[in-house]
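What the coordinates show
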Amino acid sequence: MDFLAIVERIGEAPTAALFGLVTGMIFGIAAQRSDFCLRAATVEFARGRLGPRMSIWLLTFSTAMVWVQAAQMAGLMRAEDARMMAVPGTWSGAIIGGLLFGMGMVLARGCSGRLLVLAATGNLRALVSGLVFAVVAQMTLHGALSPLRDGLSSLWITEGGRNVDLLAALHLPVSGGLVLGLVLAALAIVLSIRNELGITKLFMASGVGFAVAVGWVLTFGLSQVAFEPIQIESATFTGPSANTLMFFLLPDTVLQFDIGLVPGVFLGAFIAASLAREVKFQGFEGAGNMQRAMIGAAAMGFGGMLAGGCAIGAGVTGTSIFVGTAWLALTFMWVGAVATDYLVDQKGGAAVPA
């Protein structure tokens, strides 16, 4: 791809937004058709099953790693230049934020990315929850909750002014990430066959992982030709949701990758759902479910910003380049989600679909 020609034609900021739109549309289409959802996978696991949702999540997780590590070996990106690797990470934020996010996604019945996809299909519960998530994320980033976030983040940070590259820290070869991804992908395929997933689900689940690689490659390529500094990033929904909200509320905002990503996911999911005739309006089942969803969305907004990423941003995008705090955040998202499902939905007897 001739990145320079695109930049010279439409400018750096519009190109970044365009690349976000492309990444988002691929993600939205693939996520909608595959039913990718970390929350659903954790609920299956909490209830003693390695079912279809677990298969889909593991396939997405592993193929993202395969695509991204292969792109890095081919020279299409450099993980050390990615923003989440080049800045200090917070271990305490990953632990506390991961727990809160995991709890929140079970209560809200979907992580932030899943809520965005569901909202595009006419799910008003997901739309309202997503707006609450974005508002709380913005409050955590620049508003009333930012001092609390700063305090918790500073309790335990990474050393050396950068995050931890797990491959380097473990003294693994350059190919180590690709090998691990292939092993996990093989396991995911075996699990998918056992759960009798169709080829379309398999293809689309791997497409979510491919979207993550697309984002990394496009933003890296743009950074190599842009005059102004360009953040090397990919799919995530905590910061982008907050930034997109403010883009449409404030004057004099600028285009960036985030501003294309969120609308791109919504548009891609809407197109996929429309073609499959799956667009239909759905609302809250009652006041109790609405209260539960609002609490969950707020917990995800604060937790995702504290953890440095959501179930996608930390759990797939960050782990695909082996960011230390991203792996820790994902671990505690699982802990928070499994514990919440057990304590609230299983022991509490709440009738919430897996």
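Scroll up to find the structure.
Residues numbered from 1 in each chain as written. Predicted model: local features only at pLDDT ≥ 70, side-chain atom pairs only at ≥ 80, totals over all residues. Heavy atoms only, no water.

**Topic: the overall build of the chain**
- For the chain, the helix and strand inventory stands at 17 helices and zero strands.
- Computed over its C-alpha atoms, the radius of gyration of the chain comes to 19 Å, within 12% of the 20 Å expected for a compact globule of 354 residues.
- Seen through its principal axes, the chain has C-alpha atoms that stretch 55 × 50 × 50 Å.
- By residue count, 53% of the 354 residues in the chain fall in the buried class.
- Contacts in the chain between residues far apart in sequence, at least 24 positions, make up 81% of those at least 6 positions apart.
- Carbon and sulfur atoms form 68% of the exposed surface of the chain, whose accessible area is close to 14900 Å².
- The positive charge centre, built from 19 side chains, and the negative charge centre, built from 19, are 13 Å apart in the chain. (Helix = DSSP H or I, 4+ residues; strand = E, 2+ residues; numbered from the N terminus. Rg over C-alpha atoms; globule rule 2.2 N^0.38 Å. Buried < 20%, exposed > 50% of the residue type's maximum accessible area, 1.4 Å probe, protein only. Contact = heavy atoms within 4.5 Å. Areas by Shrake-Rupley, 256 points an atom, 1.4 Å probe, with all protein chains shown as cover. Lys, Arg positive; Asp, Glu negative; His and termini not counted. Charge placed at Lys NZ, Arg CZ, Asp CG, Glu CD.)

**Focus: the layout of surface pockets**
- Roughly 910 Å³ of volume is contained in the largest pocket.
- Lining the largest pocket we find 36 residues, and of these Arg-83, Met-84, Met-305, Gly-308 and Gly-309 sit closest to its centre.
- Every element with two or more residues in the lining of the largest pocket is listed here: helix H5 (83-86), helix H8 (124-142), helix H9 (146-153), helix H13 (238-249), helix H15 (287-307), helix H16 (313-320) and helix H17 (324-346).
- Taken together, the residues of the lining of the largest pocket sort by class into 14 nonpolar, 18 polar and four charged.
- Here the second largest pocket defines a volume of roughly 360 Å³. (1 Å grid on protein atoms, 1.4 Å probe; cavity = no way out; pocket = protein on both sides within 12 Å on 5 of 7 lines; lining within 4 Å. Points joined across faces, edges and corners; volume = space filled by probe spheres on them. Nonpolar A, V, L, I, M, F, W, Y, C, P; charged D, E, K, R; others polar.)

**Here's the deal with the packing of H16 against H17**
- For the pair H16 and H17, the least separation of the axes is 8 Å and the interaxial angle reads 150°. Classified by the angle between their axes, H16 and H17 sit roughly antiparallel to one another. The handedness of the crossing between H16 and H17 comes out as left-handed. Between H16, through Ala-314, Gly-315, Gly-318 and Thr-319, and H17, the contact on the second element is made entirely by Ala-326, Trp-327, Ala-329, Leu-330 and Met-333.
- Of the residues that constitute the contact of H16 with H17, the class distribution is six nonpolar, three polar and no charged. (Axes fitted to C-alpha atoms, helices over the stretch in contact; angles between N-to-C directions. Parallel < 35°, antiparallel > 145°, perpendicular 65-115°, else oblique. Left-handed = near helix turned anticlockwise from the far one by under 90°.)

**Observations concerning the nonpolar core**
- Among the nonpolar cores identified, the biggest contains 81 residues, and Phe-27, Trp-57 and Phe-101 are the most heavily contacted of them.
- Per-element tally for this core: the top contributor is helix H12 (residues 199-225), with twelve residues.
- Apart from the residues within four sequence positions on either side, Phe-27 is in contact with Val-208, Ala-211, Ala-235, Phe-237, Val-265 and Ile-312. (Core = buried A, V, L, I, M, F, W, Y, C linked by side-chain atoms within 4.5 Å.)

**Some details on the side chain of Ser-153**
- Note on placement: Ser-153 falls in helix H9.
- Of note is the side chain of Ser-153, whose polar atom sits 2.8 Å from the backbone oxygen of Arg-149.
- Here Ser-153 is in contact with Thr-90, Ser-92 and Leu-306, once residues within four sequence places are set aside. (Polar contact = N/O pair within 3.5 Å; in protein donor to acceptor, adjacent residues only side chain to side chain.)

**A closer look at helix H7 (residues 112-120)**
- In terms of residue burial, H7 counts as a mostly covered element, since nine of its nine residues are buried.
- Summarising the contacts, the buried residues of H7 are in contact with helix H2 (12-34), helix H6 (91-107), H8, helix H14 (257-275) and H15.
- Gly-122 sits one or two residues past H7 and shows a positive phi near 100°.

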